[in-house]
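Each chain, letter by letter, is given below.
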Amino acid sequence: MDGISFAVNAGEIFGLLGPNGAGKTTAISVIATLLRGDGGKVCIGGHDVAREPSRVRQWLGFVPQETGLFPMMSARENLEYFAGIQGVRGRDLKLRISEALEISGLQSVADKPRAIYFSGGMRRRLNLAAGLVHRPRLLLLDEPTVGVDTQSRNLILQNIKRLAAENEMAVVYTTHYMEEAEILCDRVAIIDHGRMLVCDEVAHLVASASGTTIEVTLADPSDEFEAALAAAPGVSGVTRHDDRRYAVQSADQERGLAALVSVAGRNNVTFEALRVVRPSLEQVFLELTGYELRDGEGR
Amino acid sequence: MTAFRVMVVKELRSIYRNPMAFGLLLFMPFLLMAVISKAFEPLFEGRETFEVPLVDLDRTAESVEIIAGLDALEGIEIVDIGWESETLSAADVDGILDEEDYFTLIVIPDGFGEDMESGREVSVSLYSDPGQEAYSRVVRDEVQGRLLIEDLMRTFRSVLASQTGETAAEATIENEIAPRVEEPGLTVERLFTEKRKATPGNFEQTVPGFALMFTFWLSAFVAGSIQSEKLVFRTWRRTIVAPVSRFTIVASRVLTYVALGMAQMTLLFVLAWALFGLSLGDHPYALLPVFFAMAMVTTAFGFLMTTLVRDFVTMSSLVNLAVILSAAAGGALVPLFLLPAWLRAISPLVPHYWAMDACQSVLLLGSDVGDILPEVAALLGFSALFFALGIWRFRFVD
């Protein structure tokens, strides 16, 4: 990593986005005191991660990418362990475990003797519960929704948002799912090859996305139409999705639409459907990190 | 709940829920103690009676007399199998030995009585299973001893008859010599020196042997606990980002497995005492330092193994190999005296040798804690070595 710098405030959800191998997990590992950087400084609650790791650990909740659970223990026993090593005890322990079970929707299976028999979604929810059972002031979430069904994902995202707001908990969240980051995060940083490309509020980033995409479905497409459209003024690119569906990129929405109507009229082409696609975080992400595949660049 | 206690409870739960644990750590050693003790019984319990089959091809008064003499010997019970044929082939011998699982067969040849009567050299055949050298040696010595007595009696009778006449000779033999032969005025008392270990019985061999061998298998659980948390369950990283010291993480495991190892050995010895009548010596508590030291070696070895191999299957195989090799070379699997000389020479290089020595010293010689300190120190030396290597190589973050 090089030149990555950001601050996360209490109650804020901060997204750390990047393709495979960008350095997200490395960044999380440095914050979590698992790795030591050879330069730079990370401070949590005023404590230097490198100098005072044990103090920093008192602030942390860590939800790793893989489900880090004891499969031969029940959900309650898992939570007892993770709360216990964080120093939660006595009445507080019971209260926090009950709260974490409720958050993860696992009350009814809390005492089933082995978590190994849980579904993937249940394990993911328990994974999250284990990271926040002690009410950390900083929650590090490393792709917590990978391989999760829609219902579980929805519950996880809702609870993260609620807990961050209610408990003034700062959240650093890494994910590959841009729509998730767009819904959840207040601010995001996009990193690639260990460098930070941008760091801003999600709304600002989306608003800054260049150009517009117009998706159009034709009744009678032709190669002539496609060539004429690509050459039309105001059109920066045409992508053919299938026989009849095209995506038209334009720097300006109005000029793009005008060019499309004009070329269609000249070529006697009839529209079946037409849709202007709103710029998204995914579009910003792809513009910044490129379309090149990143196979095998993971950790 | 302190973090230390939480970690100990977690380890105990993992062991308790592991379907292999009970079988490998308690059931298997107990089963082997019972079964192998039975198998070893004749090897260790030399004073018990051997059943020795006998074929009498001679069927004379002399042969009947020698059979009665052999049968009267302590430790030998002659089983005359009532062979009716005049001859006995090699196949017949094999058949007799196979039929009842005998290891030796005494055959009194045709002409035995006649040879004896005429003062010629007599012989008795002893067929033996070559794999049962220990048995055949005992039986051969007893038979030879008996034949020697018969030969001496015959010589006495002949010499006395030539000097005093047959009637007076028979009276002398019957009244003075025969009683001395039946109840000799000499005994061999078996005593044990202070320095040399007494020979163990079957349970004194198998109980410490299998208890120590299977305790060492606990090292697979130590290594498996760390490896699975690092590589399979992925809980290790979660644990080390908690505000818990590295010392607590390691010490909680060490304490758990040392306590488990001690409990395992104590339970097995107590079961053997209660069910098999194993004598625990004059100072049974002296076994506890041995159990402690052996549990430390086991835990340290498991800890070291996690640092040597990063894949589960290879690690399990290596632990299994180490357990069997150490138990075999150290005299826990089979008694030391059955091992070849070259293996006995390297026995002190494995922990089981010292642990067996200490246990048998307590069980057989009634040794107290002070007597077994060198053995305990040797075991603690092994554990210190394994821990030092393990700590040197161990990485909290891979």
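Residues numbered from 1 in each chain as written. Chains lettered and ligands numbered in written order. Predicted model: local features only at pLDDT ≥ 70, side-chain atom pairs only at ≥ 80, totals over all residues.

The number of helices and strands found in chain A is 11 helices and 12 strands. Its C-alpha atoms put chain A at 80 × 45 × 35 Å along the principal axes. For chain A, the proportion of its 299 residues judged to be buried stands at 40%. Summarising the internal contacts of chain A: among those between residues at least 6 apart in sequence, 71% fall at separations of at least 24. (Helix = DSSP H or I, 4+ residues; strand = E, 2+ residues; numbered from the N terminus. Buried ≥ 20, exposed ≤ 12 C-beta atoms within 10 Å, placed from the backbone. Contact = placed C-beta atoms within 7 Å.)

All right, on to the overall build of chain B then. Across its full length, chain B holds 16 helices and 4 strands. Computed over the C-alpha atoms, the radius of gyration of chain B is 30 Å, more than 25% above the 21 Å expected from 2.2 N^0.38 for a compact globule of 398 residues. In terms of overall dimensions, chain B has a C-alpha envelope of 105 × 45 × 35 Å along the principal axes. In chain B, which comprises 398 residues, the share counted as buried stands at 35%. Considering only contacts within chain B whose residues lie at least 6 apart along the sequence, 77% involve residues at least 24 apart. (Rg over C-alpha atoms; globule rule 2.2 N^0.38 Å.)

Here we come to the confidence of the model for chain B. Residue and element names in this part refer to chain B. Averaged over all residues, the pLDDT of chain B is 85; the fraction at 70 or higher stands at 91%. Contacts of residues 190-197 to residues separated by more than four positions or lying in other chains number 5 contacts, the stretch itself having pLDDT below 50. Overall fold confidence for the complex sits at a pTM of 0.71, while the interface term, ipTM, reaches 0.79. (pLDDT = per-residue confidence, 0-100.)

The subject of this paragraph is the packing of helix α8 (residues 202-216) of chain B against helix α11 (residues 246-276) of chain B. All names here are of chain B. The N-to-C vectors of α8 and α11 enclose an angle of 155°; their axes lie 9 Å apart at closest approach. By the angle between their axes, α8 is roughly antiparallel relative to α11. Regarding α8 and α11, the two cross each other, and that crossing is right-handed. Contact residues: F203, V207, A211 and T215 in α8; G261, Q264, M265, L268, F269, A272 and F276 in α11. (Axes fitted to C-alpha atoms, helices over the stretch in contact; angles between N-to-C directions. Parallel < 35°, antiparallel > 145°, perpendicular 65-115°, else oblique. Left-handed = near helix turned anticlockwise from the far one by under 90°.)

Once that is clear, we can look at the sheet that holds strand β7 (residues 187-192) of chain A. Residues and elements named next belong to chain A. Ordered by their spatial adjacency, 6 strands build an open sheet running β4-β5-β6-β1-β7-β8, and the pairing between neighbours is mixed. One side of each edge strand has no neighbouring strand; the edge strands of this open sheet are β4 (60-63) and β8 (195-201). Pairwise comparison of adjacent strand axes, ignoring direction, gives a mean angle of 15° for this sheet. As judged from the 5 bridges shared by strand β5 (residues 138-142) and strand β6 (residues 170-175), these two strands associate in the parallel manner. For D142, the partnering residue across the bridge sits in β6 and is T174. Where helix α11 (residues 281-289) meets the sheet, it contacts β1 (13-17), β7 and β8, and its direction lies at approximately 30° from that of β7. (Pairing = 2+ DSSP bridges.)

Take the pairing of strand β1 (residues 50-56) of chain B next. Residue and element names in this part refer to chain B. With 5 of 7 residues buried, β1 lies mostly within the body of the structure. Strand direction decides the pairing type here: β1 and strand β3 (residues 104-108), joined by 3 bridges, are parallel. If you follow D56 over to β3, its bridge partner there is I108.

With 19 residues of chain B at the contact, the number on the chain A side is 25 residues. At the level of elements, α1 (3-17) and α10 (236-240) of chain B are the ones that each hand at least two residues to the side of chain B that touches chain A. With 6 residues, α1 of chain B is the largest single contributor of residues to the side of chain B that touches chain A. Taken together, the residues of the side of chain B that touches chain A break down into 9 nonpolar, 4 polar and 6 charged. (Nonpolar A, V, L, I, M, F, W, Y, C, P; charged D, E, K, R; others polar.)

What follows concerns the nonpolar core. In this structure, A129, L140 and V171 of chain A are the most contacted members of the largest nonpolar core, which totals 78 residues. The greatest single-element share of this core, amounting to 6 residues, is contributed by helix α5 (residues 120-132) of chain A. Once residues within four sequence positions are removed from consideration, V171 of chain A is found in contact with I13, F14, L139, L141, I160 and A164 of chain A. Counting residues in each nonpolar core, the second largest holds 61 residues, with V222, V258, L278 and L363 of chain B among its members. (Core = buried A, V, L, I, M, F, W, Y, C linked by C-beta atoms within 7 Å.)

All right, on to the packing of helix α9 (residues 218-232) of chain B against helix α13 (residues 312-329) of chain B then. Residues and elements named next belong to chain B. Put simply, α9 and α13 touch, their axes get as near as 10 Å, and they point 170° apart. In terms of orientation, α9 and α13 fall into the roughly antiparallel class. Residue-level inspection shows S219, A220, A223, Q227 and L231 of α9 in contact with α13, the latter providing F312, M315, S316 and V319. Counted by class, the contact of α9 with α13 contains 6 nonpolar, 3 polar and no charged residues.

It is worth spelling out unusual backbone geometry at this point. A positive phi angle, close to 45°, is found at E143 of chain A, a residue other than glycine. Relative to the helices and strands, E143 of chain A is located in the loop between β5 and α6 (150-167). Here R59 of chain B, not a glycine, exhibits a phi torsion of approximately 55°, which is positive. Its location among the elements puts R59 of chain B in the loop between β1 and α3 (61-71). On the basis of neighbour counts, which here come to 15 C-beta atoms within 10 Å, the residue R59 of chain B falls in the partly exposed class.

Once that is clear, we can look at the environment of T104 of chain B. Residues and elements named next belong to chain B. Along the chain, the position of T104 falls in strand β3. In this structure T104 comes out as buried when scored by C-beta crowding, with 22 C-beta atoms within 10 Å. Between the C-alpha atoms of T104 and A263, which are 159 residues apart in sequence, the distance is 44 Å.

With that out of the way, let us pick up the pairing of β7 of chain A. All names here are of chain A. Here β1 runs beside β7; their pairing, made up of 4 bridges, is parallel. Among the inter-strand pairings, G15 is bridged to a residue of β7, identified as V188. Looking at chain direction, β7 and β8 are connected through 6 bridges and run antiparallel. Within the sheet, the bridge partner assigned to V188 lies in β8 and is D200. Between β7 and β8, which pair antiparallel in sequence order, lie 2 residues; one of them, H193, sits at a positive phi of approximately 50°.

Right, let's get into the sheet that holds strand β2 (residues 76-80) of chain B. Residues and elements named next belong to chain B. Reading across the sheet, the 4 strands line up as β2-β1-β3-β4 and stay open at both edges, with mixed pairing between neighbours. Two strands bound the open sheet, and with one partner strand each, they are β2 and β4 (125-128). Sheet twist, expressed as the average angle between the axes of neighbouring strands with direction ignored, equals 30°. Strands β1, β2 and β3 of the sheet are contacted by α3, whose axis makes an angle of about 145° with β2.

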